[in-house]
Each structure stands twice: as C-alpha cells, then as structure tokens.
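For reference, the chains in residue letters:
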2 protein chains.
Amino acid sequence: MEKRKFLLWKDVNISGGLLGEKQRVNEKVTIPYLFQSYEETGRFDFLKNGWNIHKKYEPHHFWDSDIAKLIEAAAYTLITNPSKETEERLDNLIEAFEKKQQSDGYLNTYFSNFCIEYRFTDLMMMHELYCAGHLIEAAVAYYEASGKRTLLNIICRYLECINTHIGKENGKIHGYDGHPEIELALMRLYHVTSEKKYYQMASYYIEERGTKPYFFEEEAYAEKIDITKPHREIYDIGSFYVQNKKNTDNINPMMIPKARQERVYKWYLPSKGAFAQFSANAPVRELKEPAGHAVRAMYLYCAMADLAEYDETLLETCRRLWRELVDKQMYITGGIGQSQECERFSYAYDLPNEGNYCETCASIGLFMWAKRMLCLELKSEYADVMERALYNGIMSGCSSDGKAFFYANHMAMYPKQYTEGSYVIQSEDRISPIRRKTFSISCCPANYARLIASIGGYFYSVDDDNLYIHLYNESSIEYCFSGIKTKIEQITDYPREETITILINPEETVKFGIYLRIPGWCRQWSCLVNNEKQKLKSKNGYICIQREWKQGDKILLITRMEPVLYVANPKVRQNSGKIAVMRGPIVYCMEEADNFTELSDFVIRSSEKIMVESTKTFEGFPVLCMKGRKTDISEWGNKLYQDIHEKKQIDVIGTAIPYYMWANRGLGEMLVWINAE
Amino acid sequence: MEKRKFLLWKDVNISGGLLGEKQRVNEKVTIPYLFQSYEETGRFDFLKNGWNIHKKYEPHHFWDSDIAKLIEAAAYTLITNPSKETEERLDNLIEAFEKKQQSDGYLNTYFSNFCIEYRFTDLMMMHELYCAGHLIEAAVAYYEASGKRTLLNIICRYLECINTHIGKENGKIHGYDGHPEIELALMRLYHVTSEKKYYQMASYYIEERGTKPYFFEEEAYAEKIDITKPHREIYDIGSFYVQNKKNTDNINPMMIPKARQERVYKWYLPSKGAFAQFSANAPVRELKEPAGHAVRAMYLYCAMADLAEYDETLLETCRRLWRELVDKQMYITGGIGQSQECERFSYAYDLPNEGNYCETCASIGLFMWAKRMLCLELKSEYADVMERALYNGIMSGCSSDGKAFFYANHMAMYPKQYTEGSYVIQSEDRISPIRRKTFSISCCPANYARLIASIGGYFYSVDDDNLYIHLYNESSIEYCFSGIKTKIEQITDYPREETITILINPEETVKFGIYLRIPGWCRQWSCLVNNEKQKLKSKNGYICIQREWKQGDKILLITRMEPVLYVANPKVRQNSGKIAVMRGPIVYCMEEADNFTELSDFVIRSSEKIMVESTKTFEGFPVLCMKGRKTDISEWGNKLYQDIHEKKQIDVIGTAIPYYMWANRGLGEMLVWINAE
C-alpha cells in the first residue's frame, strides 16, 4: 500500500503566519492557563494527594486524560518554546503518576483513589483504557520532545497489566473501551517503539469491537443487569463515594445509579443498533455510517486508518465511512456530531444550525483521521477537510485571547434561547452561548492545546523521492533527498493572503518531486517556478513539480481568493433558501456586533458581488460586506402575521467576519447560513 | 361592565356544515371509542374496583379528570344524540364516584385507592383540585343535559370538604393547585347554582396564587425539602406503590422520587421566576407575559376572565396577557406553548416549526379564554383567535376518522427526525409524528371530544336587545327579544364557502340588533338584507343591523375567500424568508403525499396567483396549487456544499391541503411555512 510519512511536529519550524501566532498564544497563554485551571479545580491535587471528605472538588473519572493531554501539549512546546520550568512541571506530574502506579502496573488515579477493586469492571462507561491511551500519547510526545523515557516506561508497564487482564485469550476479559483512544495511541507507540505487541493490542481492540455477543451486554450481565431493556444502571463508584461521604445523612446508596439511569437510557440508541453510541453496534468492517458519539467514532476511525496500512479491507471501510460523513453529515465548518443529545451524529443531511453540537474535540478527531487517510491515499480532499476543520470548527473552540473555550460550536446563535429558553440548555455548560473558562467535563481545551502545539506535524509528508505540502503556513523544514540535505521554506500569509512562496535550498543540486495541494475551494490558481509560469494539471488535487532543485529555487503558488457563496445540498432542510460565504478556506459569519439584531431577517442579494473590506480586519482577515435587504420594522407594527403585500423592505449592507472569531465581543446573535434571494 | 351571555350549547342546534359533521363523528366514533379505550386501559376498573398487585395497568394520578371530561362530553350528546345507553353509562360512572366518596366528602380515586393519608399534601404536583374541577364541569354539563343532580350533589359535598381544608382562614392550607382548572369550574358552578360560596372559592384561589411566601415552597418545606436549590423530590405515592408492589425485590423505596427528580428539576424555570411553570411566580395581576405550562396558563386566564366581570383590574391583566400571547407567542394555527420541554411557553417571537409542541389542550384553553374575553369586550379579534384555533390547531388534534389524536401538533414534519433522530423524541409518545390511539398522559382526546360536543355554545351571544354572531356554521336558535320568540337560522357552508345566509323568523315583528363578525382575515365583504345591499361600517370587527325584523327576513353576508400569503413578524427568526398560505380561516400546509420529498427545497413564487382547485377536495375544502421551483437534484451530484452558481432550478407546482387534515395518510413530510421568493 502506498504510504507517505508525515514529518514530525518537531521537524517543522513554524516561524509566523496565522498558525504561528496561534502557537505563540497557545504556549504563552492557553497552556499556562490550563496548568492554573487544573490546579484550581483539584485535578493535580487528586493525582498527587488523593481525595478525602474535606476536599471541596468532585473528581471526574477521566481526569487522568485531562492531565495527560496537558502533558502532551506542554511536551510539544519544549521544542518550540524551551522552558526548564515546564519540563520540571511535567517531570513532577510524571513522578506523581509513577507513585500512583500499582505493583502490577495498573495506573488509574480515579480507581486507585476510590475503588481499586472495581477496576476493569465497567469498560463501557469508566474510560480506563481511554485514559491509558492519552497517557500513551503523552509519553510518546514527551519522549520525542525530551528524549526522557520515564513516562514511556510507566505506561509500558501499565500496558503489560492491561494485556494480562484484557485480550482474546481464555480467562481474559474479551473487551474494549466504551471510548476508543487507546487503539490510536497504541499505534503511535508502535510506530515509536517498533514493538509488535502494541500493534497487536490495537488490532485486537479493533477486531473485537462490535462483535457478538456484545461485550457491553456481557459486562452488564456480569452485574445481573438486563441491558436489552434498555435500562442499564451504571455504578460510577467514585461519584457515589464522593457524594455519599459528603452527605451521609441524605444519600441512599442506591440513588446514585438511579439518578444516572435516565442518562444512560438515552445513550442506548435503538434506531442505529444497540451500542451505536459507542461505535460498537457491529464489527468495524460492517459499520455503515458514522453513528453515535462523534469523538468516539473519530478516534476509532483514526486507529482503523492506522491499521489500514496493513489491511486493505479496513481502508475500504474507512473510505465508505469518509464518504458518508463528508458528503452527508459534515458542517461547512468541519464541525461534526450534530446532536446535543449524547454528543452524537443524527442522520444523513440533518444539519441543524441552532441547537447543533459540533464538539471541538470531534472536529479535532476528524482532522486527525483525515491526516491518516492522507497517509494512505494522496487525495487533496483529505487535506481540504483538515483545512476546513482547522480554520473553522477547531479554531472557533478557543477565544482570541487563548483563555476561553467552546465545547459545542454553535452554527447560529440567538441569545434569548439561552437566557430565556430551555432550562435544559441553561443548565448544560457545554452548550454555552459564549466561551467558558472551563466545563464540568473539560476535554476540549487541552485537546485544542495539544493540536495547536503540534500543528506543524500536519503540514508536510514525504516518501523517498517526494515532498508533499498539504497545509500552507509560514514554516521551514530540512530533509534529505537522495542524501542531500535540503531546506524548504514556505513564505506566506495564507489563508489571509493568496500567495505562497516556497524556497528550496539543497546543499547540492538534487532531483525530487514537490507536490503542492491545490485547495478544493480554489477555482483559479497559477504556479511559477523561478518566475516562469508552469503548465501543470492537478491530479487528485495536487500538482507535482519534478526537477533538479538547486540553491535559490523558488516556487510561487497563487490561489485566487474571491468570496464565494455556497449553497447546501437540497436535502439539508435547515439550509434551504440560505447561503454561506467563504473566502478561501475561511467560513464567514454575521454577528450582531457588526450588524443589527434579527440577523435572520437579512436577505443577501446573491447576484451582487461581495465586497472585501481590508481597512477593518479581524486577526488580519478582511471583513466581507454583502448587499441585501431587511424588513422595514417601522412599517410593521405589532402584528405577528401580515399579508405579504404589507411587508416593506429596505436596502442594507451586511457585514461578515471569520466564523472562528465569533463571540469574542460578548453575547450576541450570529449566523453562518444567511437567507438569500 | 358590559357583558354578553353566550347561548348555551344545548340551545344551539347544529344541523350540518363542517362543525355538524365533526359533531357527528365525535358522537358516533370518538366518544364511543374513548369509552372503549378507558375500559381497556383500566381507567373504569380503577374507579370501580380499585387496584391490586394483580392488575396489569399503571394508574395515573389524574385519571379522574379523564373520566370527568368523558362524562362531560357524553352529557352534551344527550341533547344532540339522545341515547339511553349513554345515559346509563354515565349514571353508572357517577354511582362509582359516589361510592368512592369518603364520609367527609373527599373524592379522589387515586388517593382513595393508594394513599388517602397523603391527600392535600402535594397540591403542586398531584392534581387533586384539577380533578375536582373537571368533575365540577362534568356535573354541570350532566345537570344541564339531563336535569339530574346526582353528580352535582356529590361534587358539592366534595367542595365542602375542600373548603374545610384549604382557604384563607387560620388552620387551613393556604394553597392552590399546581394545575388551574377548579377556578373556572367553580365559576361555571356559580353561574348555574348562583351560590356565592363557589365564586368566593374561585376568587380565593386566584387571589392567593403566586403571593409570597410561595405556597409551593411552603408545601415543600413541610416535607423538609429545599426547593430553592432547585431539586424538590415529589413523591407520587401511588406510582411508587404500584411499582413497589410489582417488583418487591428490586425497587428501593427511595428510588421512585429520585428517578423523577430530574423531571421536576427541569420544571423549575429560574429565568421566568420560580414556579412560573405553574403561573404561580407572581400574584396574578403582576403576571407580565404567558409563561410556563401553556394549558395551566390558559385555564387560569379563563377563570381570571370569569372573575373580571366583577373586577376591572383583572380585565386589565387579561388584556395585557392577551396582547403578549397573541402578538408574540401564537402560531398561525392558534397553537400555543412552543416548547416540548415541560409543555411550556418559551419567549416572545420564538416560534419553532419543527420540534414545536402546541398541545391540543392548550389551543382548546386559548379558545375557551377567548370566548370569555368576548363576553367582556365585543372585539372580533377574540372570535378571530377562536376561529383560528378551532379550524387549525384544535381540529388537527383529531384524525378524520375520529379515532386517533395528536397531543403535540407539529408545524413541520421531517419523519427521519422521529425514526432516526433523537432518542428522547422517539421515547415520548406525546410528540408522535402521527396521530395515536392514546397517550401515556391522555388529556387531549377527551378535551377535544367535550369541546366539539359543546361547540354550539360558542356561536351566539345575546344581551337584552341584541344578538351577536361570532362563529359561522349551519345552525339555528330560538330566542326571545322583547318577549317575542324569534327563530334565527344560519344557512352556510362556511368556512368551505364564503356565503352566509341568516334567516330571521320572529313570531311577530320585533326590533333588535344583529351583530355579525367580519372575520379578521377578510379583505372584502358585502352584506345584503332582503337582497338589498347595506352600507355598513364594522366597529371592533362587527357590523350591526338594527331594525324591525319580520318573518322571512334574510341577511346575506359574503366574505371573499381568496388564498392569501402571510409573512411572520421579522422577529420570528424561524419563519424568515417563508410564507404561510391561508384561505379564509383555514391554514394550509404542504404534505409529501401530494408533492415530493424535501418539501423545504420548494420555493413558492409569491408574486404568482394561487390556484384554487376544487375538483379534488379534502373534507370539502379545495386544494391550493402554488407555482414555484425546486432544485434539479439530477444536476446536483453527491456534494454537500456547492458554489451557488452550480445550483440549477426547475419549475414545479406545489399542492397544499388544510393543515388540520395533515397526517391522515401515514407518515410523511409536512410544512406550513414555505420558502418564498
């Protein structure tokens, strides 16, 4: 199977540009802020000192993964922004994990602190292997960044323990985690260590998943609970313990599981098959469409793509799932997982704008999966989706100042829905109308931090004779082609500007191919090599310049960046009669702050040219001005309904800014999909 | 205060027309079906024989009200469709209630069967006074229909008991019911018996409601539950008892309340004030807008309007609430209560189409309130709203065959949302995508039945010198003006046809005024008396013909009935860019059965004339044909998003049928608000 290797994050020097700026904010603000936040919320204390009834915080069963992701993020910065202090912090945390490790290698702070006797008894809900997976990723990152093997050794001992208890052999639990993650982490560990056993473990989890009899059902039967009803009671022993100790007078031991029953009940999704919520409704090769929890699905698909390098049938499955996702269930921002209910996919062509979910982590998962698909097949659509997700659905997850986060990324905002509407909405912090400092379940902020810190690792891939450039941002690499060290530099302000200059400086003249992605959104492009226009045709979305490169060679790629109005497939009922505006890969939106209230009343004249206004910019991006009309409210009166002939319209200009920067100016209306004539 | 009296249901003979047909189906199909359904679901058995662990059904704490509403509905038919069998049935049920009555007059089947010691301890949730109210209404109706006082006597004894326990005097519970109903019922009883004490009880409940300290809070404190948290645990003792007896091994006594905790938690609506769900967040005169549970609000407003006859300040409040409701929160169908969450109002100008609620009972409540407002003020807008609700949001509650019901009345239907979407939606029978035979909570079917059975009572009102005609349907009355018996007949097929003929036949020539409502939807009308065109101006929406009437006099009112396209207030974001089509008072909708899938992709050309097609009719109504366009799907391909220039459109005719008849042909798409150019 064809296979390109991506250059490692640490081998890509990002000197500036939009992603460089995002990396600086991430290093200087977001990651330090997360350390502070974890301190304040008790996460570090829980790891280091355990829990007792005098502690005010309530631990969550996957806090280990939060810390692991932060270690991973901070580890990446040791190269881009070396800091003794950060390294000491990480060593300190790693030492705490080491102390927590049981003599047989088991390592989970939550179970250790509360209920070690229940370990490996509720893989469906309790995230033990998920936490292990994030610790593996942290270990690999820290090893790659610092050369230190401490965490790697700890986690390898833990994997021995896991392997002793879970696996296909008789006497072991024939199970897998409710939340995939360990599978992709094991493949990452395999690639670093070349230890076949990690590949085998990953492969086992993937092959076992969704087979009959369903493991999650068996696991429930072990507790004598009839899951087919469906009404499985999970027993989150830790939560129970905490609450029980806190209110010994009032709490009945049976009440915790019962209180959570309704939630679990909702997780069971009969119309998509039992356990579809966990992507465990069928053996992986039989999965027909993305279903259930979006992040779970993405992490699973990542591992499937990793394994597909060795198994063509998994590639087939991945291709099918990709088509079902990208052609039917992906927002224009690269947001996925439409439904607030259990953070999941709904169904094909259902893309609600208000009330959507689009978890930041889900877009990150899509980005990670797309990269893996790109390793397997050189098709620009994978990189197009990466770009779409990165600049829109992922970057919207963090505020401009780096200190506030979206968990759900709204596609439309009508603030009264949050201030006066549903109590359910008001009481769920993950669907907040403005970015928040933290969440009751706070997976997204550190996930964003680790992605941005390692973003260089998604730019370039190579094989023996070629360099492939997938994402454009100011950056430089050095790589040896035919043994000749070659420096390659991107000089560009893409996607703010349309010009990308690539400087090639080999130590000696050397022949290799440079593949450049022509972005899917781009209608008109041109390419010059040493100021000479090239006649090139793109193949699978890439152009290839194959030649003898010498010092001082220069490629100029110009990707014309006119604003474009997009319409959605007519099967998407929520977007009928509406358009979305993009400039390059950037999705724009209308915000109340630049316009007026009742944004939905604005109708864009879609035959008119969109004006690009660069005197006012947002993080360097121009605003877009759109001719349109809206109702003359002064003529309307108090009526709720009127004969259409009574309606008067006035001309008005609508202003749009990049979607990812919305909600940086307080609570207000926002629209991506705009009514159009 | 001005006051017109409506002629009683039994004094209006409905000979035919749409409402006559509906009455016939109601008598012959719906009411017998409900008797059968109540038999099958155990409602009658529970009343007559009590409950024990061998019974398979699970009683609901307001089953008494279901039976009461059915008695009321059947009682009305004793005049329109006399039947010994029905009368015996009713006597039999009344006897059962009598047997259930405690020695001190207390009467509630649920508490009697399960937990009499807990009576009057949870007025917020347990619906005791609500059930009493429906029994009062049944008693009044049966007395009016048959002259029999049995049920009236029973209920008057019960009211003595209630009055002993609840009221403003020291030592009594200073409370009121979580669900208003008894107040309007007491006023009805007062009007029949002229017993002042019933007026005083109604007045007490109204005046006490929402005052501080909040009764519902006090009631909770009595159980040592901190309701301000908010997390009040209701104890539905009966449910607990049933389930407990059923599964003595598994059920923990504390589990029932806890399992219901989340639901109650949601009922608390901080943004509208505590207890807004129950319209008990402020003293009634301080209520600013309709909030909380829609049916509760409507029943409360009915009683407030009843009392407003004696208190101008209550009329002011009613007027304010009316404006807030009708100008800001009423669907074009007269549906109200937007939110599926706790069956409640959301906020001004929020009128979601998909996922709306619009309980049938809420529109019935609005209809009842509007009638009472019309007693207080002769303004046609009240009757316009009655008409709007009746022909659309209420009649949609029952299938054409009379045997299936909507609880929530959808304003748009996309079936996949129900078959593949949310589990919450799939598991809630009250928001079913097709009409159902019954519901877990089945208040609407009998409410519909009693309204249709008594619909004549909403047509005509009188004062000393005038007759007021509010609703048009084939019917006749006899009334004495200045002592002269006069027969008045309406000959019309309104609202299918635009012509209304009124025949006046006094026994002798007599002078009185006839007020005719000019429907709010009507742009062009004309009125002829004895074939002579009248020059009349409407005042408050009514024209008045004041003259000496003699035998054979004839009024002809022609209300031009062209299809009209309506737009919603621009503040209604859900309807931006859309129109709704009405012909006369009938709201039309597009259904998949007459059109195609992806109805939302259809765009009506709003400048084109709507064609009225009478060769194909639905219950006698013509279909409407609308010129428009839709996307050429064959040109689209698999893409999810495309440049607007790639989109090709084709011409197509859209067909619309009366909204109230939707979903009589199985599951399919439906739209009321249609995209328009």
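Quick caveat, the model's predicted, so the values are computed rather than measured.

1. Comments concerning the packing of aromatic side chains
Residues and elements named next belong to chain A. Tallying each qualifying case throughout the model produces 85 aromatic pairs over all chains. Aromatic ring contacts, followed pair by pair, group F46, W51, Y57, W63, Y110, F111 and F114 into a single cluster. Above the ring of Y407, the side-chain terminus of R430 is found at 5.6 Å from the ring centroid.

2. Side note on the interface of chain B and chain A
Across the contact, 71 residues belong to chain B and 71 residues belong to chain A. Carbon and sulfur atoms supply 58% of the area that chain B and chain A bury against each other, a total of about 6,100 Å² over both sides. Between chain B and chain A we count six salt bridges in total. Between E420 of chain B and K272 of chain A there is a salt bridge, with its nearest N and O atoms 3.1 Å apart. In this structure, the connection of chain B to chain A is made through 26 residue pairs in polar contact (both at pLDDT 80 or more). Elements supplying a minimum of two residues to the side of chain B that touches chain A: helix 13 (255-267), helix 15 (312-328), helix 18 (416-419), helix 19 (423-426), strand 13 (563-568), strand 14 (578-583) and strand 19 (641-643) of chain B. Counted by class, the side of chain B that touches chain A contains 31 nonpolar, 19 polar and 21 charged residues. The sheet contact formed by strand 19 (residues 641-643) of chain A and strand 13 of chain B spans three bridges and is antiparallel. From the neighbouring strand, D643 of chain A faces strand 13 of chain B, where its bridge partner is Y566 of chain B.

3. Remarks on the pattern of salt bridges
Under the counting rule described, the total for this entry stands at 95 salt bridges over all chains. Where E137 of chain A meets R188 of chain A, a salt bridge forms, and the shortest distance between an N and an O atom there is 2.6 Å. Separated by 51 residues along the polypeptide, E137 of chain A in helix 7 (residues 128-146) and R188 of chain A in helix 9 (residues 182-193) bring together distant segments of the chain. The partner of E354 of chain A in a salt bridge is R573 of chain B, with the nearest N and O atoms 2.4 Å apart. Of this pair, E354 of chain A sits in the loop between helix 15 (312-328) and helix 16 (360-376) while R573 of chain B is found in the loop between strand 13 and strand 14, placing the two residues in two different chains. Here E354 of chain A falls in the partly exposed class, since its relative accessible area comes to 30%. Several salt bridges converge on common partners, so that one network encompasses E72, E137, R188 and R450 of chain A.

4. Comments concerning the relation of the copies chain B and chain A
Relative to chain A, chain B is turned by 180 degrees and slid 0.0 Å along the rotation axis, the superposed coordinates differing by an RMSD of 0.0 Å. Classification of the inter-copy transformation places it as that of a two-fold axis. The residues that chain B uses at the interface reappear at the interface of chain A in 100% of cases, marking a shared surface.

5. Thoughts on helix 15 of chain A
Residue and element names in this part refer to chain A. The terminal C-alpha atoms of helix 15 lie 24 Å apart, and with 17 residues this matches the ideal 24 Å at 1.5 Å per residue to within 8%. When helix 15 is considered as a whole, its buried residues turn out to be L314, L315, T317, C318, L321, W322, L325, V326 and D327. The inward-facing, buried residues of helix 15 contact helix 14 (294-308), helix 16 and helix 17 (380-394).

6. Regarding unusual backbone geometry
In this model, Y494 of chain A is joined to P495 of chain A through a cis peptide bond whose omega is 5 degrees. Within the secondary structure layout, P495 of chain A lies in the loop between strand 6 (484-492) and strand 7 (499-506). The amide bond that connects K212 of chain B to the next residue, P213 of chain B, takes the cis arrangement and shows omega of -5 degrees. Counting through the fold element by element, P213 of chain B comes out in the loop between helix 10 (196-208) and helix 11 (215-221). Even without being glycine, C342 of chain B reaches a positive phi, approximately 65 degrees.

7. Quick word on helix 9 (residues 182-193) of chain B
Residue and element names in this part refer to chain B. The terminal C-alpha atoms of helix 9, which comprises twelve residues, lie 16 Å apart, in line with the 16 Å expected from a rise of 1.5 Å per residue. Burial within helix 9 is extensive, with nine of its twelve residues counted as buried. When helix 9 is considered as a whole, its buried residues turn out to be I182, E183, L184, A185, L186, M187, R188, L189 and Y190. Packing partners of the buried residues in helix 9 comprise helix 3 (63-80), helix 7 (128-146), helix 8 (150-165), helix 10, helix 14 (294-308) and helix 16 (360-376). Count one or two residues on from helix 9 and you reach S194, which has phi positive near 60 degrees.

8. What about the sheet that holds strand 12 (residues 553-559) of chain B?
Residues and elements named next belong to chain B. Strands sit in the order 5-6-7-12-9-10 across an open sheet of six strands; the sheet is antiparallel. Each end of this open sheet is capped by a strand with a single partner; those strands are strand 5 (475-481) and strand 10 (532-533). For strand 6 (residues 484-492) and strand 7 (residues 499-506), the ladder comprises seven bridges, and the chain directions are antiparallel. Residue pairing for strand 7: E489 is matched across the bridge by L503.

9. Focus: the sheet that holds strand 4 (residues 466-469) of chain A
Residue and element names in this part refer to chain A. In space, the five strands of this open sheet follow the order 1-3-4-8-11, with mixed pairing throughout. Of all strands in the sheet, those bounded by a partner on one side alone are strand 1 (5-6) and strand 11 (542-549). Relative to strand 3 (residues 460-463), strand 1 runs antiparallel, the two sharing two bridges. Its bridge partner lying in strand 3, F6 is registered against S461. In this fold helix 17 packs onto strand 8 (510-517) and strand 11, with an angle of close to 60 degrees to the strand it touches most, strand 8.

Conventions we followed
- Throughout, residues of each chain are indexed from 1 in the direction in which the sequence is written.
- Working convention: letters from A go to chains and numbers from 1 go to ligands, in the order in which they are written.
- Per-residue local features of the predicted model are confined to residues with pLDDT of at least 70, and side-chain atom pairs are confined, for both listing and counting, to 80 or more; whole-chain, interface and lining totals are unaffected and use all residues.
- The side-chain numbers reported here are obtained from all heavy atoms of the structure, hydrogens and water having been left aside.
- Each Phe, Tyr or Trp ring (for Trp, its six-membered ring) is paired with any other whose centre lies within 6.5 Å, and the angle between the two planes then decides the class: stacked below 30 degrees, edge-to-face above 60, tilted in between.
- Both a distance and an angle decide whether a charge sits over a ring: NZ of Lys or CZ of Arg must be within 6 Å of the ring centre and within 35 degrees of the ring normal.
- By definition, residues are in contact when any of their heavy atoms lie within 4.5 Å.
- Once two parts are joined, some of their accessible surface, as seen by a 1.4 Å probe, is lost; buried area is that loss totalled over both.
- Salt bridge, as used here: a side-chain nitrogen of Lys or Arg that lies within 4 Å of a carboxyl oxygen of Asp or Glu.
- By the criterion applied in these results, polar contacts are pairs of N or O atoms within 3.5 Å in which, for protein atoms, one can donate a hydrogen and the other can accept it, and in which residues neighboring in sequence qualify only through two side-chain atoms.
- Here a helix means four or more residues in a row that DSSP labels H or I, a strand means two or more in a row labelled E, and each is numbered from the N terminus.
- Gly is placed with the polar residues, together with every amino acid not listed as nonpolar (Ala, Val, Leu, Ile, Met, Phe, Trp, Tyr, Cys and Pro) or charged (Asp, Glu, Lys and Arg).
- We treat two strands as partners when DSSP finds at least two bridges between them.
- Only protein chains enter the area calculation, which uses a 1.4 Å probe; residues under 20% of their type maximum are buried, those over 50% are exposed, and those in between are partly exposed.
- Least-squares superposition aligns the copies on the C-alpha atoms of those residues with pLDDT at or above 70 in both.
- The span you would expect from a helix comes to 1.5 Å times its residue count less one.
- Comment: axis = line fitted to C-alpha atoms, over the contacting stretch for helices; angle = value between 0 and 180 degrees taken between N-to-C directions.

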